[in-house]
Each structure stands twice: as C-alpha cells, then as structure tokens.
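# Analysis of the macromolecular model
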Amino acid sequence: MADKTSNQMWGGRFAAGPDAIMEAINASIGYDKRMAAQDIAGSKAHAAMLAATGIITDSDASAMKEGLDSVLAEIEGGNFAFSAALEDIHMNVEARLKEVIGAPAGRLHTGRSRNDQVATDFKLWVRDQLDAIEGALVALMRALVAQADAGADWVMPGFTHLQVAQPVTWGHHMMAYVEMFGRDLSRIRDARARMNECPLGSAALAGTSFPIDRDMTAQALGFDRPTANSLDAVSDRDFALEFLGAASICAMHLSRMAEELVIWSSAQFRFVSLSDRFSTGSSIMPQKKNPDAAELIRAKIGRIFGANVALMMVMKGLPLAYSKDMQEDKEQVFDAADNLMLALAAMEGMVRDMSANRDVLEAAAATGFSTATDLADWLVRVLGMPFRDAHHVTGTLVALAERQGCDLPDLTLEDMQGVHGAITQDVFDVLGVHNSVASRVSYGGTAPENVRAQVARWQEVLG
Ligand code: ARG
C-alpha cells in the first residue's frame, strides 16, 4: 500500500513521497498553470467524447463538465490552491475535480495520458498566441501603412552602409517594413495551419484500446484533424519551435526598425520626433528625451532567439517518444510570446504616435551627392554614354563638388561642361531629389505613385 505521502495520482507503486529537491525539479505547476483554460477545454472535449462513445456514462460526463467549469472559475477567480506536490496543471485540475465531484473524476483519465494531454494543451496555448500575434502584427502594419499614406511623396535619404545612397520616399521606407512584417504574418499563418492537428487520444505513446473518437475531440477543440501517429504526436514540439522561429525573425525585424528609430530620433538626425507617450526622461539630465521603448524592442530579440536556441537544444537527440526534458519547453515559449506581444504593441504605439520631420528629411535627402546616380543615368539616357563612362564622369563631378564644399545641384553649368562638354542645362532637372524619386517608377521602386499603389494593395489585404 502506498505511503500516504506518496503522490495521490501515481503513487501506487511508491512507498514514500519524493525528496523536496525531487519535487522542486519535477514540478511545472509554477508556470504551466498558464495553460489552465486549455487544459480544462481539453478535458471537457475528452469527457464529452468518452460519453458519446459509451466509454463512460452521460451522468459522469455531465458531472465532469460542471465540475471542470467550476474548477476553471476557481482558477480564473484566483481561488485555487495550486500544489507543487501535484506537479503540473493536469494533475492539479484533476485532483481538484475529484474534490468537487467525487468518484466520477476518476474516470476522466480513461484513454488518455498526460503525454497527449500536455501536447494538446500546449498546442492550444501556442495556437492562441499565434492568433494574438497575428492581430498585433496586423495592427502594426496598419500603423505603418498610415505613415506611408501620409508621406508617400516626402523625400528622405536612402542609405546603404548607413551612408547616404539615393533619395527615397518616406512612404517607401515605411512600406519596406510592411513587407517584412507581412512575411512574418505569413510565417505565423503557415505555422498555425501546419500545427493544427490534435494529439489528444494518442495516450501515453501507443494509442489506446478504448473505442475513442479522435475526430470528435479534434473537432471540438478546433483542430483540422487528429494527428496520425501517436509516437510522433506525444513527442512533437515542432509547433513550439516554429512559433519561436517565426517569433525570432519577427523580433529581428522589430530590432532593425527599433534601431532606425533610435538613430532617427537622435539630435544628429532629427528625422522623427517620438511622442512623449513612448519616450522617457533622464533622472539627471533635464534636457533628455530617450527612446527607451525602441531600445528595449531592439533588445527583445536576445531573449526570444535565446528561447528558440534553448528549445532546439532541449529537443535535440531526444529518442521517441515523450521524455521529461520536454517539460522545459513551456517557460521558453511563454517568455518569448509575452515579450514579442509587448514589443509589437510598443512598436505599434511608437509608429502611430511618431511624426516625421518632413523638412529635415528633405534637406538630408539632398546631401551626400544622393542624386549622383541620377546624373550618371542622365548621361547615359541623353548623351548615349556607356554607363561605365557615365559613372566615371559623375565621379569626377562629385569630386569637384566635394572640393568646392557644395552639393551636385550647386555646381554651375560651366563647372559641369569643364568635365564633359556635352552636358546641358537640362541635367539640373534630374539633380533635384523630387525628380529623382519620381523617376524611380520601376516595379518596387521608390516613386510616390508606386508607394500609393502599394499602400492601396496593403490596405485591401489588411482590411
Ligand atoms: N508536466 C509535464 C510536461 O510538461 C506533463 C507530462 C508529464 N508526463 C509524464 N509522463 N510524466 O511535460
């Protein structure tokens, strides 16, 4: 007979309870209580299926349903005493159900195991997060599209190597991020579609001899179908890894945008003003307005990518089927999900609130000989020069302007003709930044008309 200190759920073969250290390393209730709603939804679906298939009676099933609802109410109301001795959310819920409804609770675990139960709960939790992230991404993209719409034809410097390269439009720059986050959205949707198979009923690893109806539970929980292999189903955490992979790429994108906002909001750039709502002050320097939200978003990739690597390492080399190693999946995913949601919301707020300093952007657009390529293209188009020669002539003119301490449009026609005699007054048309951006009408180029077309396309997609 089991010692009364041994575990009430599995203690039958044990003479004594676990050492305190054993309990501490084994228990996951401290964090997997976050899956209470999913656990109870899974149990309700399982109970209804057990009754529908005649494995348990209808009256047991309805006692279970009512009992599970009241346990959930206790948990949500903060009136539930979680117990580390009961290890995890699955056993905490079941033990409490026993207290609430008595004997019928003992039949709930028929034809299932904690292994398929945890895989199901965790999938449901990750699926909810994917849906929440999808919503947050769409909100951020809408904010970016609104910025692009407002400034479709505002000019700013485009950079390569963080050196001024060619003028671009503000709208085009904003829409570049829309494309990035659009790929994140598609990755999230792909992951959701692929993961949406229900492990419940795979039992411990081999399936069950009870005549369960896995299609019924899958459908009740919003899955497309049951998983096809019980060994794989209880040991698969690809869905968590795909989530972390997609989250890592998204966080990487956020970090790039955050970095630009840090640079752009500096006194040296002044490309944008961040709102007071998304900035902080310094406790010693009264003049400071710091882009802390952007800096923190920039940093979030660290823990999210860390979670991705950590879970990869946990899963690497695990033999089939379930191993307790896999319990280490949840904290990583919970932390990554929380922080990605926070970062997306903060970025959306910053983008919505920020104002582009149009004049500063325009003045900066003309610096750094940003229309040199336009000049070279003009030499090719109008004078029929080979591009390589035009590149050389333009380089000579840039060097001349540099020596004179001026920009290309400030050179005189005589200066130009001194370098190449056939240059005419018309060249000055292409040296203006507005003409430059307006000319870049190739598909995907920075011209305001292209930006407006992309804004319209995304407005349609995003609804
Ligand atoms: N808490 C466990 C986990 O998170 C649940 C599954 C336990 N299964 C077992 N056979 N001990 O993975």
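Numbering of residues starts from 1 in every chain and runs along the sequence as written. Per-residue local features are limited, in this predicted model, to residues with pLDDT of at least 70; the limit for side-chain atom pairs, both in listing and counting, is 80 or more; totals at the level of whole chains, interfaces and linings are taken over all residues. To get the side-chain values, take all heavy atoms of the structure and skip hydrogens and water.

### Quick look at the side chain of N290
Rules: Labels follow the DSSP assignment, with helices taken as runs of H or I lasting at least four residues and strands as runs of E lasting at least two, numbered in each case from the N terminus. In this description, contact between two residues means that some pair of their heavy atoms is separated by no more than 4.5 Å.
Within the secondary structure, N290 sits in the loop between β5 (272–273) and α11 (292–315). When neighbours within four sequence positions are excluded, N290 is seen to be in contact with S279, T280, G281, S282 and E295.

### Some details on the side chain of N196
Cut-off, in case you're wondering: Contacts described as polar in this section are N or O atom pairs within 3.5 Å, which, within protein, must combine one atom able to donate a hydrogen with one able to accept it, while residues neighboring in sequence count only if both atoms come from side chains.
Along the chain, the position of N196 falls in the loop between α7 (170–195) and β3 (197–198). A polar side-chain atom of N196 sits 3.1 Å from the main-chain carbonyl oxygen of G222. With near-sequence residues (within four places) excluded, N196 lies in contact with R127, G222, F223, D224 and R225.

### Re the packing of helix α6 (residues 114–150) against helix α12 (residues 329–353)
Note the cut-off: To get an axis, fit a line to the C-alpha atoms, keeping to the stretch in contact for a helix; angles then go from 0 to 180 degrees between the N-to-C directions. Each angle receives one of four descriptions, namely roughly parallel if under 35 degrees, roughly antiparallel if over 145, roughly perpendicular if within 65 to 115, and oblique otherwise. The crossing is said to be left-handed when, going from far helix to near helix, the turn is anticlockwise and less than a right angle, and right-handed when the turn is clockwise.
In the contact formed by α6 and α12, the axes pass within 9 Å of each other and the chain directions differ by 15°. One way to sum up the angle between α6 and α12 is to call them roughly parallel. For α6 against α12, the interelement crossing comes out left-handed.

### Examining the site of the ligand
The test is simple: The nearness test applies per residue and asks whether one of its heavy atoms lies within 4 Å of the molecule or strand. Areas reported as accessible are Shrake-Rupley estimates using a 1.4 Å probe. Residue values count occlusion only from the protein chains shown. Any residue outside Ala, Val, Leu, Ile, Met, Phe, Trp, Tyr, Cys, Pro, Asp, Glu, Lys and Arg is labelled polar, Gly included; the first ten of those are nonpolar and the last four are charged.
The full set of residues close to the ligand is S28, D32, D88, H90, R114, N115, V118, Y322, K324, Q327 and K330. Separating a nitrogen atom of the ligand from a side-chain N or O atom of S28 is a distance of 3.2 Å. The separation between an oxygen atom of the ligand and a polar side-chain atom of K330 is 2.6 Å. Here the ligand has 340 Å² of accessible area as a free molecule, and 86% of this is covered by the chains. Residue contributions to the shell around the ligand peak at three residues, all from α6. For the shell around the ligand, the class distribution of residues is two nonpolar, four polar and five charged.

### Points about the nonpolar core
Here is the rule we go by: In this description, a nonpolar core means a group of buried Ala, Val, Leu, Ile, Met, Phe, Trp, Tyr and Cys residues linked to one another through side-chain atoms lying within 4.5 Å. Three exposure classes are used, based on accessible area relative to the maximum for each residue type with a 1.4 Å probe and protein chains only: buried under 20%, partly exposed in between, and exposed over 50%.
Counting residues in each nonpolar core, the largest one holds 100 residues, and the members touching the most others are W170, F243, L254 and M347. By residue number, the principal contributor to this core is helix α10 (residues 238–264), which donates 16 residues. Among residues more than four places away in sequence, those in contact with L254 are L140, F181, I297, L340, A343, L344 and M347.

### Regarding the pattern of salt bridges
Filter applied, for reference: In the sections that follow, a salt bridge refers to a side-chain nitrogen of Lys or Arg positioned within 4 Å of a carboxyl oxygen of Asp or Glu.
Tallying each qualifying case throughout the model produces 24 salt bridges. For the salt bridge of D338 with R34, the shortest nitrogen-to-oxygen distance reads 2.8 Å. Of this pair, D338 sits in helix α12 while R34 sits in the loop between α2 (29–32) and α3 (36–52), placing them 304 residues apart in sequence. A relative accessible area of 38% places R34 in the partly exposed class. For E134, the salt bridge identified is with R189, shortest N-O distance 3.0 Å. On the criterion of sequence distance, the pair formed by E134 in helix α6 and R189 in helix α7 is long-range, its members being 55 residues apart. The network of salt bridges with shared partners includes E87, D88, R114 and K324.

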